[in-house]
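Commentary on secondary and tertiary structure
Next come the chains, spelled out residue by residue.
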Amino acid sequence: MDFNLLEEIGLKKIKLSLSRPFNYFIKALMAGMYLGVALMLANTAYALFYHFDPYLGKFAYAAFFGLAFTLVVFLNGELFTGNTLPTIMPFFSKKVKLMDVLKGWTLAYVGNAIGVALIAFLFIQSHVWTKDLSPIITSVVDVKTSIPWGDLLIRAILCNFIVTLASYSSYKLQNEVAKIMVIFLLVIAFVLPGFEHSIANIGSFTLGISIGMTHLGLQMLFNVFIATIGNIIGGSIMLGLPIFAMFHPLEK
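One structure accompanies this document, and this report is about it. (Residues numbered from 1 in each chain as written. Predicted model: local features only at pLDDT ≥ 70, side-chain atom pairs only at ≥ 80, totals over all residues. Heavy atoms only, no water.)

Looking at the packing of helix 1 (residues 2-19) against helix 2 (residues 21-50)
Viewed as axis vectors pointing N to C, helix 1 and helix 2 meet at an angle of 115°, and their least axial separation amounts to 5 Å. Between helix 1 and helix 2, the contacting residues are Lys13, Leu16, Ser17, Leu18 and Ser19 on the first element and Pro21, Asn23, Tyr24 and Lys27 on the second. Residues of the contact of helix 1 with helix 2, tallied by class, amount to four nonpolar, three polar and two charged. (Axes fitted to C-alpha atoms, helices over the stretch in contact; angles between N-to-C directions. Helix = DSSP H or I, 4+ residues; strand = E, 2+ residues; numbered from the N terminus. Contact = heavy atoms within 4.5 Å. Nonpolar A, V, L, I, M, F, W, Y, C, P; charged D, E, K, R; others polar.)

Some words on the packing of aromatic side chains
Counting across every chain of the model gives 10 aromatic pairs. Taking 6.3 Å as the distance between ring centres and 90° as the angle between the ring planes, the aromatic pair formed by Phe80 and Trp105 counts as edge-to-face. In this pair, Phe80 is assigned in helix 5 (residues 80-83) and Trp105 in helix 7 (residues 98-125), connecting sequence segments 25 residues apart. Like Phe80, the residue Trp105 is buried in the burial classification. Cluster of aromatic residues (ring-pair linked, three or more members): Tyr46, Tyr50, Tyr61, Phe65, Phe69 and Phe190. (Phe/Tyr/Trp six-rings, centres within 6.5 Å; stacked < 30°, edge-to-face > 60°. Buried < 20%, exposed > 50% of the residue type's maximum accessible area, 1.4 Å probe, protein only.)

What about unusual backbone geometry?
With glycine set apart, most residues show a phi of negative sign, and most peptide bonds adopt trans. The backbone of Asn76 sits at a positive phi, close to 60°, despite the residue not being glycine. Residue placement: Asn76 occurs in the loop between helix 4 (66-74) and helix 5. One non-glycine residue, His127, adopts positive backbone phi at about 60°. Along the chain, the position of His127 falls in the loop between helix 7 and helix 8 (130-144).

Focus: a nonpolar patch on the surface
A surface patch of nonpolar side chains, about 480 Å² in accessible area, is lined by Leu48, Phe52, Leu56, Val128 and Trp129. By the secondary structure assignment, Phe52 is in the loop between helix 2 and helix 3 (54-64). Owing to a relative accessible area of 65%, Phe52 belongs among the exposed residues under this scheme. (Patch = residues over 30% accessible without salt bridge, like charges linked within 9 Å, V, L, I, M, F, W, Y side chains within 5 Å. Areas by Shrake-Rupley, 256 points an atom, 1.4 Å probe, with all protein chains shown as cover. Salt bridge = Lys/Arg side-chain N within 4 Å of Asp/Glu carboxyl O.)

Some remarks on empty space enclosed by the protein
It is a probe the size of a water molecule, rolled over the atoms, that shows where empty space is left. Throughout the structure, instances matching the rule amount to one cavity of 30 Å³ or more. Estimated volume of the largest cavity: approximately 50 Å³. Those elements that provide at least two residues to the lining of the largest cavity are helix 7 and helix 8. A per-element tally of the lining of the largest cavity places helix 8 first, with four residues. (1 Å grid on protein atoms, 1.4 Å probe; cavity = no way out; pocket = protein on both sides within 12 Å on 5 of 7 lines; lining within 4 Å. Points joined across faces, edges and corners; volume = space filled by probe spheres on them.)

Considering helix 8
Here helix 8 contains 15 residues, and its C-alpha end-to-end distance of 21 Å stays within 8% of the 21 Å for a straight helix at 1.5 Å per residue. Here helix 8 has its buried residues at Leu133, Ile136, Ile137, Val140, Val141 and Lys144. Projection of helix 8 onto a plane perpendicular to its axis shows the buried side chains occupying an angular sector of 130°, all on one side. Along its buried surface, helix 8 packs onto helix 2, helix 7, helix 11 (198-210) and helix 12 (217-247). (Expected span 1.5 Å × (residues − 1). Arc of directions from axis to C-beta.)

Description of the pattern of salt bridges
A full pass over the atoms with the stated rule returns six salt bridges. Put simply, Lys95 and Glu7 hold a salt bridge, and the shortest N to O gap is 3.3 Å. One end of the pair, Lys95, is in the loop between helix 6 (89-92) and helix 7; the other, Glu7, is in helix 1, and 88 residues separate them in sequence. Residues Glu8 and Lys12 are paired through a salt bridge, measuring 3.6 Å at the closest nitrogen-oxygen approach. Of this pair, Glu8 and Lys12 both sit in helix 1, four residues apart, which is roughly one turn of the helix.

Focus on the packing of helix 1 against helix 7
Where helix 1 contacts helix 7, the two axes come as close as 9 Å, and the packing angle between them is 75°. Between helix 1 and helix 7, the crossing angle belongs to the class labelled roughly perpendicular. Only Asp100, Val101, Lys103, Gly104 and Leu107 of helix 7 make contact with helix 1, whose side of the interface consists of Ile14, Ser17 and Leu18. Each residue belonging to the contact of helix 1 with helix 7 can be placed in one class, and the counts come to four nonpolar, two polar and two charged. (Parallel < 35°, antiparallel > 145°, perpendicular 65-115°, else oblique.)

Here it is as structure tokens:
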């Protein structure tokens, strides 16, 4: 059943982060790098299609960003945002302590951040599409750093509610084609409206800094902090609590 499935997956992730933290960190690092690859593709597609129509460019960005989560699912990466759902379940059922959950989240978060920042930095240093990409990156980053904190928090909550729906679906679906389709559709559902993903934002800000946007400073840190809080609420509370309430009493 659903709760047992999520609890089992969450326990495995927590035990791995506690018993083999370096291995868990590397899996998180790779997940960040997978996200970085998708970020490269999405930004390049945005720049390419923007010349035809700005709305087409935005849709291309959203459509291609699904590659990140597909790679994480199929290549066994550890993504902080997606992990907020399964790893909270053993805490809800009192099988692990909150500190154990937080240790895993921290390892995943740091690994993700380093991985996506590394790929984003190397992408800009390769000097491909620099002329076309710079205005796109500048526009994206300027929008992110100007969002009021209340809007930012809500967008981050909605973002990870959808991201963890993608994780939840990937655990339930057995057919690989079905997994890919659902993941891509759900990623479009959070990217196209402009919801806020903390790890993806770290990648976007790294792109911005790498092209010379050195003024970001506190605005960038504020965005990432609020987005992180919202992502935790969206995955662990907004989706996690209803699943626990629906299924756990039935499965005692």
